[in-house]
Amino acid sequence: MQLSLVMHDWRLLERIVGLTNRLGCAYTSLSVKPSDAYYHATIDFVGPPDALRRLDAQLTRLLNDEKEMSR
């Protein structure tokens, strides 16, 4: 599973890594490129299918909350 995102706050990446470990998954690749006011990140995840499904659902929720807070 791969996730590409634009972050305003680098601490979001810490939350994503924490979620990944807590749900029994791991990341195999992590690329972060700073921009003027943003960070562009791409992360590749591996893990059991059920754990990846739960991680995907949690990441969707986390990223939606982040969008709401940045408005």
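Residues numbered from 1 in each chain as written. Predicted model: local features only at pLDDT ≥ 70, side-chain atom pairs only at ≥ 80, totals over all residues. Heavy atoms only, no water.

This part takes up the overall build of the protein. Within the protein, the regular secondary structure consists of 2 helices and 3 strands. Going from N to C terminus, the protein has its helices and strands arranged as β-α-β-β-α. For 71 residues, the compact-globule formula gives about 11 Å, and the C-alpha radius of gyration of the protein, at 12 Å, lands near that figure. Each principal axis of the C-alpha distribution contributes one length, and for the protein these read about 35 × 25 × 15 Å. Burial statistics for the protein: of 71 residues in total, 27% are counted as buried. (Helix = DSSP H or I, 4+ residues; strand = E, 2+ residues; numbered from the N terminus. Rg over C-alpha atoms; globule rule 2.2 N^0.38 Å. Buried < 20%, exposed > 50% of the residue type's maximum accessible area, 1.4 Å probe, protein only.)

Once that is clear, we can look at the side chain of T20. By the secondary structure assignment, T20 is in helix α1 (residues 11–22). When near neighbours in sequence (up to four residues on either side) are disregarded, T20 contacts C25, A26, Y27, F45 and L55. (Contact = heavy atoms within 4.5 Å.)

The subject of this paragraph is the pairing of strand β2 (residues 26–34). Where β2 and strand β3 (residues 39–46) come together, 8 bridges link them in antiparallel fashion. In the sheet register, L30 faces β3, and the bridge partner there is I43. Linking β2 to β3, which pair antiparallel, is a turn of 4 residues. (Pairing = 2+ DSSP bridges.)

A word on α1. Residues spaced three or four apart along an α-helix face the same direction, because each turn holds 3.6 residues. Over its 12 residues, α1 extends 17 Å from the first C-alpha to the last, a length consistent with the 16 Å expected when each residue adds 1.5 Å. Buried residues of α1: L12, L13, I16, L19 and T20, and no others. Along the axis of α1, the buried positions cluster into a sector of 120 degrees, meaning they face one direction only. Among the residues trailing α1, G24 stands out with phi positive, at a value near 80 degrees. (Expected span 1.5 Å × (residues − 1). Arc of directions from axis to C-beta.)

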